[in-house]
Amino acid sequence: MKIDVPGKVEGARIGVVAPLGMAAPRASARPAPAASGADLRLRGGRRLRERAIELFLLANGSAAVLIIGLIFVFLFKEGLAAFRDIQPIQFIGGQENTPTYDPELDTFTETRQFALVWQPVSDSPKYSLLPLLNGSLLVALPATLISTVIGLLVGIYLAELARARVRELAKPAIELLAGIPTVIIGFIMLTVVASLVQSITHSHFRLNAFVGALGVSLVIIPVVASLTEDALRAVPEPLRLASYGLGATRWQTVSRVVVPAAVSGITAAGILGFGRALGETMIVLMATGNAALITGNILSSVRTMTATIAAELGAVARGSEQYHALFFVGATLFTITFMFNLTAEVIVARMRRRLRM
Amino acid sequence: MEAKIDKAPPKAPEPPSRRPDYSGLIMTSLCRGATFLVGGVLVLLLFHIARHGAGVVSWDFLTKAPVEGMTAGGIFPAIFGTLAITILMIVLALPLGAFAGIYLVEYAGGGLLARLIRAAVNNLAGVPSIVFGLFGVGFFVLFVGRNIDRGLGPAGRSAIEQALGTGGGAAETGILFGQPIMLWAAATLACLVLPIIIVTTEEALSAVPQSHRDASLALGATRWQTVRDVVLPQARAGILTGAILSVSRGAGETAPILFTGCAYFLPRLPVAELFGVIPMVNPLDQFMELSYHIFILATQSTDSQATLPLQYGTTLVLVALTFMLNLTGILLRFVFRRRLARLS
């Protein structure tokens, strides 16, 4: 059943803007190329040439698969080599001699405690990943929260509410925001926003997780907004018309029909945003203070996994214990973001299938 | 059942209701407010950078090298390095990405292989940039580079050095390719922008009406002739858009090049004279780069307050560069879509 809808011309999807390389609209309507029946009638030389060209193109197409595979192999090859020198338990925490004051004897006694510390440059290096994971989450969770809320509102506005002219201006503006190099956002956070936040919150640390999260959300809002917009636009027009026909207002239609229908796509947008937030490097390197602490205080300095790699890899000797430990951090980060990307992709694929009514 | 709506309203009709739709009004303004907030932040950001950077950027700033331990002088080597590496990057990435896009749209259909490639492209787009940096070190510098060095042998290494006229004693040290150099930084960035190029190429090709392909095939053209002579000419602008957006992205990335070839400070430009006559960019040298320069000045310098004007100046140059590229890309895509919409 196909309903021909002459109205809502601006909804005619001649092209949904992909946010600078994010999930693109797939040409689902186009039929798959016919089996090369015509090619079979070609004579030897030409047929061979056509075949060779197709193979050449296939080789280029496989490059992406190859690169992903190589990233896997080389990250884990260098990362798992860490286990030659480092016990697996050390990535969680290690024994540390800590002096404790004994009031009865008035002396300090050394006790061995289990400490969760990332301190690769010391007499007995410590490689606990927990402070880094703590830091990454303390930046990525608030950033995702901020950018999902704002990105959702922006996406709804662009897809459902804005007039065509406003949208034609707002969409490129958001894309341009997405195109600003992250090092520049990090720089502005470091020089301007950090002082501003400190003067408001009177926090002890000028550079902290919250400043980092603000910067990271600037990068992720465009991602979430465009993906939300794509998801909302994928909702078939008859659903909206039916809602209007029942007497619903525009906002009632948006909030009770369109958004619920696109909820999986919006969830995927949030998940992808979270993956991006975990992987963001330059902003957190410049704006979060880089102190590897275990803390729940968002106004405290933190150190993320990405910033640790960026700050330390330049100074370590190749093949050293710390070098492999940093690759292990990278492999962990890659695995986590890969899982999130995959989840989002599965959700989107399922939604596309379901909405193709 | 054939439902044909003859008089569909161009806009959603507001039905008569007993009371005004307050929550709708509030939420609509909230959505509008959020959009304008995002736009406002962009304008504020650009305005702030322009205000603080405009006084610094001068002809000398753009054409002179840094002096006095990078506390004064210009940023020419960083501009040169940024241009050199992005050109090298796009030379590596564009053919690969464009051919991959052609394969996906024109040949692959919806089969298992195509799904696998698309999944890889999507996941590649989500790989954190610092992971690309690690990959660049582990794969390009240490694996590919060191193996090329081994394969060349002392004679091969010194032959290349002599051809370039650089002479760093690679015959004895054994290291020519197996170190952080511009070539590997560009290759790492090429991996990073590959998904952008593939996706925009796909979009550009998919926008070409199927009837044009059918007509060409019906006239007896082979599939490749159809792609080359009918589809590609129409999709060229779209592919170019992808290339421009990639260059912009590559010019702004810092994390992937941190360990793959970027230099804190380089007293020379990364250039060489091939056989002593042909001047060229030396891809086997390190380089300075704008975004890394900002990072260094802002975080690693002993007195970052003193170099604040330099930081703003460099930021303005980088923003102007990426902004212009993105704007060009977006406008080009707009024109391209218009034209194709008229076609189909």
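Scoring rules and cut-offs
Residue numbering note: each chain is counted from 1, following its sequence as written. For naming, the first written chain is A and the first written ligand is 1, with later ones following in the order written. Residue-level local features of this predicted model are given only where pLDDT is at least 70; pairs of side-chain atoms are given and counted only at 80 or more, and the full residue set underlies all totals for whole chains, interfaces and linings. Runs of E in the DSSP output that reach at least two residues are strands. Runs of H or I that reach at least four are helices, and both are numbered from the N terminus. Any residue with 12 or fewer other C-beta atoms within 10 Å of its own C-beta is exposed, any with 20 or more is buried, and the rest are partly exposed; the C-beta atoms used are placed from the backbone. We call two residues in contact when the distance between their C-beta atoms, placed using the backbone, is within 7 Å. With C-alpha atoms as the basis for the radius of gyration, the globule rule is written as 2.2 Å multiplied by the number of residues raised to the power 0.38. The residue classification treats Ala, Val, Leu, Ile, Met, Phe, Trp, Tyr, Cys and Pro as nonpolar and Asp, Glu, Lys and Arg as charged. All others, Gly included, are polar. DSSP-based pairing: two strands are paired if at least 2 bridges between them are found. Lines fitted to C-alpha atoms define the axes here, with helix axes fitted over just the stretch in contact, and angles between the N-to-C directions of these axes take values from 0 to 180 degrees. Convention used here: angles under 35 degrees read as roughly parallel, angles over 145 as roughly antiparallel, angles from 65 to 115 as roughly perpendicular, and any remaining angle as oblique. Handedness of a helix crossing follows the sense of rotation of the near helix relative to the far helix, less than a right angle counterclockwise being left-handed and clockwise being right-handed. The length a helix should cover is 1.5 Å for every residue beyond the first. The directions considered for the arc run from the helix axis to the C-beta atoms. Residue ranges assigned to the domains are those given by an automatic or database domain assignment. To form a nonpolar core, buried Ala, Val, Leu, Ile, Met, Phe, Trp, Tyr and Cys residues must be joined through C-beta atoms within 7 Å. One number per residue, pLDDT, summarises how confident the predictor is, and it ranges from 0 to 100.

### Structural notes on the overall build of chain A
Phase 1 of the analysis: When helices and strands are counted, chain A shows 13 helices and four strands.
Phase 2 of the analysis: In chain A, which comprises 357 residues, the share counted as buried stands at 48%.
Phase 3 of the analysis: A separation threshold of at least 6 residues defines the contact pool for chain A, and within that pool the share at least 24 residues apart is 74%.

### Here we look at the overall build of chain B
Phase 1 of the analysis: For chain B, the helix and strand inventory stands at 11 helices and four strands.
Phase 2 of the analysis: Radius of gyration (C-alpha) of chain B: 25 Å, far over the 20 Å computed for a compact globule of 344 residues.
Phase 3 of the analysis: By its C-alpha atoms, chain B is 80 × 60 × 35 Å across when sized along the principal axes.
Phase 4 of the analysis: With 344 residues in all, chain B has 48% of them scored as buried.
Phase 5 of the analysis: Restricting to contacts in chain B with at least 6 residues of sequence separation, those with at least 24 account for 78%.

### Concerning the interface of chain B and chain A
Phase 1 of the analysis: Counting residues at the interface gives 98 residues for chain B, matched by 95 residues for chain A.
Phase 2 of the analysis: A class-by-class count of the residues in the side of chain B that touches chain A yields 63 nonpolar, 25 polar and 10 charged.

### Observations regarding unusual backbone geometry
If a residue is not glycine, its phi is most likely negative; likewise, a peptide bond is most likely trans.
Residues and elements named next belong to chain A.
Phase 1 of the analysis: Even without being glycine, His 202 reaches a positive phi, approximately 55°.
Phase 2 of the analysis: Inspection of the secondary structure assignment puts His 202 in the loop between helix 6 (182-201) and helix 7 (209-233).
Phase 3 of the analysis: Exposure remark for His 202: the 8 C-beta atoms within 10 Å place this residue in the exposed category.

### Some thoughts on the pairing of strand 3 (residues 271-274) of chain B
Residues and elements named next belong to chain B.
Phase 1 of the analysis: As paired strands, strand 3 and strand 4 (residues 278-281) are joined by four bridges and run antiparallel to one another. For Ala 272, the partnering residue across the bridge sits in strand 4 and is Met 280.
Phase 2 of the analysis: Linking two consecutive strands that pair antiparallel, namely strand 3 and strand 4, is a turn of three residues; a positive phi of about 55° is found at Phe 275 within it.

### With respect to the packing of helix 13 (residues 321-355) of chain A against helix 4 (residues 112-125) of chain B
Phase 1 of the analysis: Interhelical geometry of helix 13 of chain A versus helix 4 of chain B gives an angle of 130° and a closest axis separation of 10 Å. The angle between helix 13 of chain A and helix 4 of chain B places the two elements in the oblique class. Of the two possible hands of crossing, helix 13 of chain A and helix 4 of chain B adopt the one that is right-handed. Here A:Phe338, A:Asn341, A:Leu342 and A:Glu345 of helix 13 of chain A come into contact with helix 4 of chain B, specifically with B:Ala119, B:Asn122 and B:Asn123.
Phase 2 of the analysis: In terms of residue class, the contact of helix 13 of chain A with helix 4 of chain B is made up of three nonpolar, three polar and one charged.

### Details of helix 2 (residues 44-61) of chain A
Phase 1 of the analysis: Look at helix 2 of chain A: 26 Å from first C-alpha to last across 18 residues, which is about the 26 Å you get at 1.5 Å a residue.
Phase 2 of the analysis: Burial in helix 2 of chain A covers these residues: A:Leu57, A:Asn60 and A:Gly61. Buried residues of helix 2 of chain A, seen end-on, are gathered within an arc of 105° and therefore sit on one face of the element. In helix 2 of chain A, the exposed residues that point more than 90 degrees away from the buried face are A:Gly44, A:Gly45, A:Leu48, A:Ala52 and A:Leu55.
Phase 3 of the analysis: Packed against the buried residues of helix 2 of chain A are helix 3 (63-80) of chain A together with helix 3 (76-108) and helix 4 of chain B.

### What to know about the domain arrangement of chain A
Reports often express the size of an interface as the amount of accessible area lost when the parts come together.
All names here are of chain A.
Phase 1 of the analysis: Taken domain by domain, chain A holds domain 1 (43-84), domain 2 (90-119) and domain 3 (128-355).
Phase 2 of the analysis: Residue-level contacts link seven residues of domain 1 with seven residues of domain 3.
Phase 3 of the analysis: Looking at the side of domain 1 that touches domain 3 residue by residue, the class counts come to five nonpolar, one polar and one charged.

### A look at the nonpolar core
Phase 1 of the analysis: A:Ala64, A:Val139, A:Val154, A:Met189, B:Val131, B:Ala186 and B:Leu194 are the most contacted members of the largest nonpolar core, which has 201 residues in total.
Phase 2 of the analysis: With 19 residues, helix 3 of chain B is the largest single contributor of residues to this core.
Phase 3 of the analysis: Both domains that meet at this core, namely domain 1 (43-84) and domain 3 (128-355) of chain A, each give it at least three residues.
Phase 4 of the analysis: If near-sequence neighbours (up to four positions away) are discounted, A:Val139 is found in contact with A:Ala209, A:Gly212, A:Ala213, A:Val216, A:Ala277, A:Val284, A:Thr288, A:Val302 and A:Thr304.

### Some details on helix 5 (residues 164-179) of chain A
Because each turn of an α-helix spans 3.6 residues, side chains separated by three or four positions end up pointing in the same direction.
Phase 1 of the analysis: In this model helix 5 of chain A runs 23 Å from its N-terminal to its C-terminal C-alpha over 16 residues, within 8% of the 22 Å that 1.5 Å per residue would give.
Phase 2 of the analysis: Within the span of helix 5 of chain A, buried status applies to A:Ala170, A:Lys171, A:Ile174, A:Glu175, A:Leu177, A:Ala178 and A:Gly179.

### Quick notes on the confidence of the model for chain A
Caution is warranted with low-pLDDT regions, since their predicted coordinates should not be read in detail.
All names here are of chain A.
Phase 1 of the analysis: When pLDDT is averaged along chain A, the result is 82; 84% of the residues meet or exceed 70.
Phase 2 of the analysis: Looking at the elements of chain A, mean pLDDT is at its lowest for helix 1 (residues 37-40), recorded as 48, and at its highest for helix 4 (residues 130-161), recorded as 94.
Phase 3 of the analysis: Considering only residues more than four positions removed or in separate chains, one finds that residues 1-39, a stretch of pLDDT under 50, has 74 contacts.

### Digging into the environment of A:Ala140
Residue and element names in this part refer to chain A.
Phase 1 of the analysis: Mapped onto the elements of the fold, Ala 140 is located in helix 4.
Phase 2 of the analysis: Ala 140 sits 95 residues away from Val 235 along the chain, and the two C-alpha atoms are 29 Å apart.
Phase 3 of the analysis: Not counting residues within four places of it along the chain, the set of residues in contact with Ala 140 comprises Phe 274, Ala 277 and Leu 278.

### Examining the confidence of the model for chain B
Residue and element names in this part refer to chain B.
Phase 1 of the analysis: The share of residues in chain B with pLDDT of 70 or more is 92%, and the mean pLDDT across the chain is 86.
Phase 2 of the analysis: Here helix 6 (residues 170-173) stands out as the least confident element of chain B, with mean pLDDT 68; helix 7 (residues 182-206) is the most confident, with 94.
Phase 3 of the analysis: Here residues 1-9 scores under 50 on pLDDT; set against residues more than four positions off or in separate chains, the count is nine contacts.

### Description of the environment of B:Val208
Residue and element names in this part refer to chain B.
Phase 1 of the analysis: Here Val 208 shows up in the loop between helix 7 and helix 8 (210-218).
Phase 2 of the analysis: It is 6.8 Å that separates the C-alpha atoms of Val 208 and Gln 234, two residues lying 26 residues apart in sequence.
Phase 3 of the analysis: Filtering out sequence-adjacent residues up to four positions away, Val 208 remains in contact with Val 231, Gln 234 and Ala 235.

### Topic: the packing of helix 4 of chain A against helix 1 (residues 22-53) of chain B
Phase 1 of the analysis: Following both chains from N to C, one finds helix 4 of chain A and helix 1 of chain B inclined at 110°, their axes separated by 8 Å at the closest point. Relative to helix 1 of chain B, the element helix 4 of chain A is oriented roughly perpendicular. Residue-level contacts link A:Ile150, A:Leu153, A:Val154, A:Ile156, A:Tyr157, A:Leu158 and A:Leu161 of helix 4 of chain A to B:Thr28, B:Leu30, B:Cys31, B:Arg32, B:Ala34, B:Thr35 and B:Val38 of helix 1 of chain B.
Phase 2 of the analysis: Grouping the amino acids of the contact of helix 4 of chain A with helix 1 of chain B by side-chain chemistry returns 11 nonpolar, two polar and one charged.

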